[in-house]
Amino acid sequence: MPEGHTIHRLALDHQQELAGDVLAVSSPQGRHARLAAVLDGHVLESVEAHGKHLFYDWLDAPGLHIHLGLVGRFRQNPSPPPAPSSTVQLRLAGPRATVDLIGATTCELIDQSGRELILGRLGPDLLAAEDNPEPAWTRLSGRSVPMAAALLDQRNLSGVGNVYRSEALFLNGIHPERPASSLSRDEFDRLWGTLRTMLRQGVEDRRIVTVHPSERASVGDGVVEVGPEDSFYVYKQQHCRRCGTPIRVWPVAGRRVYACEHCQPPPGSA
DNA sequence: GCCGAATGCCCAA
DNA sequence: TGGGCCTTCGGCG
């Protein structure tokens with residue numbers, strides 16, 4: 001489930017429940033045993049999210065860089081924590097909480113220059129406290145890449161993943177194949193705003209629900225749990241919830257994109 | 001039981 | 001562009 005909202009939520013949670021304490025760090029699965037030994041017994045000072053990257057800073061120990069990839073996740077443990085399962089790559093155990101890292105593609109020690117290298121490759125973070133769309137606009141405005149590809153390229157802007165790209169393009173009536181260069185500044189600004197709102201909501205909800213409450217089938221007292229059918233406009237949907245047109249699915253930039261070609265007119269169909 | 005897919009990304013060719 | 005890596009889960013025999 002890791003798009004930018006998940007990563008920023010994890011940073012907030014870990015900052016709150018782990019930072020400031022001495023942590024017991026271990027690698028039950030064994031793969032990161034050496035790394036764990038270096039960090040074990042140190043005080044976690046702070047946790048930061050940038051795009052889909054997590055950075056942990058310690059007192060008198062090197063930084064920790066984690067990227068969850070497609071299937072990685074953190075498992076929250078009850079207190080006291082049970083014995084870790086064999087797939088736990090890294091366990092961070094503090095007096096107030098214990099979290100387990102599973103399935104991550106990157107878990108490494110990193111120095112300041114390594115960190116700057118990563119940050120230098122990232123476009124502006126939609127979830128940064130002070131967002132700055134200008135570098136993204138500059139990069140996109142001259143290019144012919146399809147918008148659906150541009151949104152997944154973290155060098156343009158960071159935090160967007162496969163669900164948010166389809167949903168935000170739909171809400172702005174932008175066909176996935178539209179070249180980035182065809183967007184007006186106004187369209188770009190609205191798209192940026194949509195993505196920022198969606199991602200912020202995702203941080204709060206701890207999940208992705210893009211459909212506006214007034215457009216959900218299960219409107220009512222709002223207590224009703226929102227199911228997958230009611231969470232997305234086009235992602236993994238059969239028909240457009242606004243016009244009924246069958247949703248088209250096809251790969252762009254190696255991932256499946258979903259669109260309503262009535263609400264999102266293909267380029268050149270004017 | 002096996003296979004593919006899943007909210008990601010890197011690398012080789 | 002295609003395959004590899006990480007793990008879990010659901011569908012299909």
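Refer to the structure printed above.
Note that this is a predicted model, so its numbers are computed, not measured.

S.K.: What's the story with the sheet that holds strand S3 (residues 53-58) in this structure? I'm lost.
M.R.: Within a sheet, adjacent strands bond to each other through the backbone by hydrogen bonds, running parallel or antiparallel. Across the sheet, which stays open at both edges, the four strands sit in the order S2-S3-S4-S8 with antiparallel pairing between neighbours. The sheet is open, and its two edges are formed by strand S2 (44-50) and strand S8 (106-110), each paired on a single side. Ignoring strand direction, the axes of neighbouring strands in this sheet form an average angle of 20°. Pairing between S2 and S3: six bridges, direction antiparallel. Across the sheet, residue His50 finds its bridge partner in S3, namely His53. With respect to the sheet, helix H1 (residues 4-17) is in contact with S2 and S3, its orientation differing from that of S2 by roughly 165°. Strands S2, S3, strand S4 (61-67) and S8 of the sheet are contacted by helix H3 (residues 112-120), whose axis makes an angle of about 160° with S3.

S.K.: Got a minute to help me understand the protein's contact with DNA strand B in this structure?
M.R.: Within the structure, DNA strand B sits among 19 residues, and Met1, Glu3, Gly69, Tyr235 and Arg255 are positioned closest to it. Among all atoms of DNA strand B positioned within 4 Å of the protein, those belonging to sugar or phosphate total 60%. His67 has a polar side-chain atom sitting 3.3 Å from a phosphate oxygen of DNA strand B. Note that a sugar or linking oxygen of DNA strand B is positioned 3.2 Å from one of the backbone N or O atoms of Gly69. When residues of the surface near DNA strand B are traced back to their parent elements, those giving at least two are helix H6 (162-171) and strand S10 (255-259).

S.K.: Can you walk me through the nonpolar core in this structure?
M.R.: With 41 residues, the main nonpolar core has Met147, Leu151, Leu191 and Leu195 as its most contacted residues. Of all elements in the fold, only helix H4 (134-141), helix H5 (147-150), H6, helix H7 (185-205), strand S9 (248-252) and S10 reach the threshold of two or more residues within this core. By residue number, the principal contributor to this core is H7, which donates seven residues. Dropping the residues within four chain positions of it, Leu195 is found in contact with Leu126, Leu151, Leu157, Val160, Tyr164 and Ala168. Counting 28 residues, the second-largest nonpolar core is a separate cluster that includes Leu23, Leu35, Ala49 and Trp58.

S.K.: Looking at this structure, I do not really get the packing of H1 against H7. What am I missing?
M.R.: Working note: a packed helix pair is described by the angle between its axes plus the distance between those axes. Axis separation between H1 and H7 bottoms out at 8 Å; the angle between their running directions is 45°. For the element pair H1 / H7, the angle class is oblique. Considering how the two elements wind past one another, H1 and H7 form a crossing that is right-handed. Taking contact as the criterion, the partners of Gly4, His5, His8, Arg9 and Leu12 in H1 are, on H7, Leu199, Gly202, Val203 and Glu204. Taken together, the residues that form the contact of H1 with H7 break down as three nonpolar, four polar and two charged.

S.K.: I keep staring at H4 and nothing clicks. Help me out?
M.R.: Each α-helix winds once per 3.6 residues, and so residues spaced three or four apart point in a common direction. Among all positions in H4, only Ala136, Trp137 and Leu140 are buried. All buried residues of H4 project into a common sector of 100° when viewed along the axis, lining one side. Looking at the buried residues of H4, the elements they touch are H5 and H7.

Conventions used here
In this numbering scheme, every chain counts its residues from 1 along its sequence in written order. Ligands are numbered from 1 and chains lettered from A, in the order in which they are written. Where local features are concerned, this predicted model is filtered to residues with pLDDT of at least 70; where side-chain atom pairs are given and counted, the filter is 80 or more; whole-chain, interface and lining totals use all residues. Excluded from the side-chain calculation are hydrogens and water; included are all heavy atoms of the structure. Here, a strand pair is defined by DSSP locating no fewer than two bridges between the strands. Put simply, DSSP H or I for four residues or longer makes a helix, DSSP E for two residues or longer makes a strand, and each gets a number counted from the N terminus. Axis angles are defined between N-to-C directions and span 0 to 180 degrees, where every axis is a line fitted to C-alpha atoms and, for a helix, only to the segment in contact. Two residues form a contact once any of their heavy atoms are found within 4.5 Å. Each residue is tested against the molecule or strand, and it is near if at least one of its non-hydrogen atoms lies within 4 Å. Each polar contact in these results corresponds to two N or O atoms within 3.5 Å; when the atoms are within protein, one needs to be able to donate a hydrogen and the other to accept it, and residues that are neighboring in sequence are counted only if both atoms are side-chain atoms. Side-chain atoms within 4.5 Å link the members of a nonpolar core, which is a set of buried Ala, Val, Leu, Ile, Met, Phe, Trp, Tyr and Cys residues. Relative accessibility under 20% of the residue-type maximum defines a buried residue, over 50% an exposed one, and the middle range a partly exposed one, all with a 1.4 Å probe and only protein chains included. Roughly parallel means an angle under 35 degrees; roughly antiparallel, over 145; roughly perpendicular, 65 to 115; everything else is oblique. Left-handed describes a crossing whose near helix is turned anticlockwise from the far helix through less than a right angle; right-handed describes the clockwise counterpart. Think of it as three bins: nonpolar holds Ala, Val, Leu, Ile, Met, Phe, Trp, Tyr, Cys and Pro, charged holds Asp, Glu, Lys and Arg, and polar takes everything else, Gly as well. Arc definition: directions from the helix axis to the C-beta atoms.

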